[in-house]
Amino acid sequence: MQDDNLLIGAIDQGTSSSRFLVFSAKDFQLITYHQVPIKLISDQAGWVEIDPKAIIDSVVECIEKVSEYLAEMGLSHRNIKTVGLTNQRETSILWDKVTGKPLYNAIVWLDTRTHSTVDEMLAKCNNNPNYLKMECGLPFSTYFSALKIKWLMDNVPEVKEAIKENRCAFGTVDSWILWNLVGDKSVHLTDVTNASRTMLMNLKTLDWDDYLCDFFAIPKSILPQIKSSAENYGSINSGCLKGTNITAVLGDQQADLVGQLCWEKGSAKNTYGTGCFLLYNTGNDIVYSTHGLITTVAYKFGNEKPVYALEGSVAIAGAAINWLIDNLQFMEDIKDCEEIAESVKDTGDVYFVPAFSGLFAPHWNATARGYLNTFTLNF
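In what follows, the accompanying structure is described.

Looking only at helices and strands, the protein has 11 helices and 19 strands in total. In terms of C-alpha radius of gyration, the protein reaches 21 Å, essentially the compact-globule figure of 21 Å for 379 residues. Here the C-alpha coordinates of the protein stretch approximately 65 × 55 × 40 Å along the principal axes. For the protein, the proportion of its 379 residues judged to be buried stands at 52%. Within the protein, contacts between residues at least 6 apart in sequence are counted, and of these 64% link residues at least 24 apart. In the protein, which carries 31 positive and 45 negative side-chain charges, the distance between the mean positions of the two groups comes to 6 Å.

Spatial ordering of the open sheet is given by β14-β15-β17-β16, a layout of four strands whose pairing is antiparallel. Sheet topology places β14 (268–272) and β16 (294–299) at the edges, where each strand pairs with a single neighbour. Neighbour-to-neighbour, the strand axes of this sheet turn through a mean angle of 30°, independent of strand direction. Here β14 runs beside strand β15 (residues 276–283); their pairing, made up of five bridges, is antiparallel. Across the sheet, the residue bridging to Y272 is C276, located in β15.

If you trace the five strands from one edge of the open sheet to the other, you get β3-β2-β1-β5-β13, paired in mixed fashion. Each edge of the sheet is formed by a strand with only one pairing partner; in this case those strands are β3 (30–37) and β13 (245–251). The average undirected angle you get between the axes of adjacent strands in this sheet is 15°. Along the sheet, helix α9 (residues 252–259) makes contact with β5 (80–87) and β13, crossing β13 at roughly 105°.

Moving on to the side chain of S24. Along the chain, the position of S24 falls in strand β2 (residues 17–24). At 3.2 Å, the side chain of S24 forms a polar contact with the side chain of D27. Other than its neighbours up to four places away in sequence, S24 contacts L6, L7, Q29 and I31.

Summed over the entire model, instances satisfying the criterion amount to 18 aromatic pairs. Arranged with centres 5.9 Å apart and planes meeting at 35°, the rings of Y131 and F215 form a pair that is tilted. One end of the pair, Y131, is in the loop between α2 (115–123) and α3 (133–136); the other, F215, is in helix α8 (residues 210–216), and 84 residues separate them in sequence. For F215, a relative accessible area of 7% translates into the label buried. Ring centres 5.3 Å apart and planes at 75° place the aromatic pair F215 and F216 in the edge-to-face group. Accessibility expressed as a relative area gives 0% for F216, which makes it buried. Members of the aromatic cluster, each reached through a chain of ring pairs, are W109, Y143, F144, F277, F360 and W364. Of note, R89 hangs over the ring of F277, and the distance from its end group to the ring centre comes to 5.3 Å. Across the ring face of F215, the terminal group of K124 is positioned such that the distance to the ring centre comes to 4.2 Å.

About the criteria used
Residues numbered from 1 in each chain as written. Predicted model: local features only at pLDDT ≥ 70, side-chain atom pairs only at ≥ 80, totals over all residues. Heavy atoms only, no water. Helix = DSSP H or I, 4+ residues; strand = E, 2+ residues; numbered from the N terminus. Rg over C-alpha atoms; globule rule 2.2 N^0.38 Å. Buried < 20%, exposed > 50% of the residue type's maximum accessible area, 1.4 Å probe, protein only. Contact = heavy atoms within 4.5 Å. Lys, Arg positive; Asp, Glu negative; His and termini not counted. Charge placed at Lys NZ, Arg CZ, Asp CG, Glu CD. Pairing = 2+ DSSP bridges. Axes fitted to C-alpha atoms, helices over the stretch in contact; angles between N-to-C directions. Polar contact = N/O pair within 3.5 Å; in protein donor to acceptor, adjacent residues only side chain to side chain. Phe/Tyr/Trp six-rings, centres within 6.5 Å; stacked < 30°, edge-to-face > 60°. Lys NZ or Arg CZ within 6 Å of the ring centre and 35° of its normal.

Dropping the structure here:
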């Protein structure tokens, strides 16, 4: 096989869609991709779920479609030398290790049902939201996985029974995809970037922390093994890419940081999707913010030292435009928003705070709600 024909695959599983992209290994140019939308389930105010089966089915569909596209271009999926995986972070799935079936829908990162669980945890530490920050880098918030796991343990009988019988496995979306795509459906792994979003991993040891797990009463037996962001996670077990190794796993915002080549201390990226996330590379130093930013693992390549980051997290960004389209019919297509914004000289003192999932950094207020005010005849 000529080096010019070598390809790299990338699974990108996000909040609103799944994608599989193929790049040239020679110059990293995008060759082709396929994208499938993901249905969000919101049966109650503040609840946001995804069917875990829909996640894995969409990933498999994207891979198979891209194989077809490559064939139409005179290329072969067999030229894909390796695959990387990036995923929506914090979204939490519990499944049965024996049957491989989900015990409940995935609770999405922007779901706010756990505010009472947050209050319960705060009551244990004199209402100090940063009580565990030195260990895990994160404040108490509905955003992070430990609170979602705790809610599932307290409210879903199937989860309680599976834990009692040692059948329960927890994972963020990367773990769920790896479980289904790699090996014999018993590979229970995650990477340091995703683990750092759970409130259960110690930032210094990069391992599950006994004190943190005990604090939330979450058994370590349900947690995946933590690996670096760049190493062999195993080979894909079926389909057109059977035998191809997955050799990199990162949470989506950390993957953006790496993809934008923000590898030097002091470099930063800001990206806009469903939410908006700014990550600032702090090198090998763990830096704690006094202004509402969180501390997270940026990446760890193999045996190299981990690199950390400060993060400013905004829950709703692009999703606010979708809300304006779907609920207020402000425009027909998201592409129209730039033209509309440029058609007025100023905001007219109209303020829109899309706090549909509370406010993240720097306020960390799960009870905040969306706000739209100051209408005039010109609005």
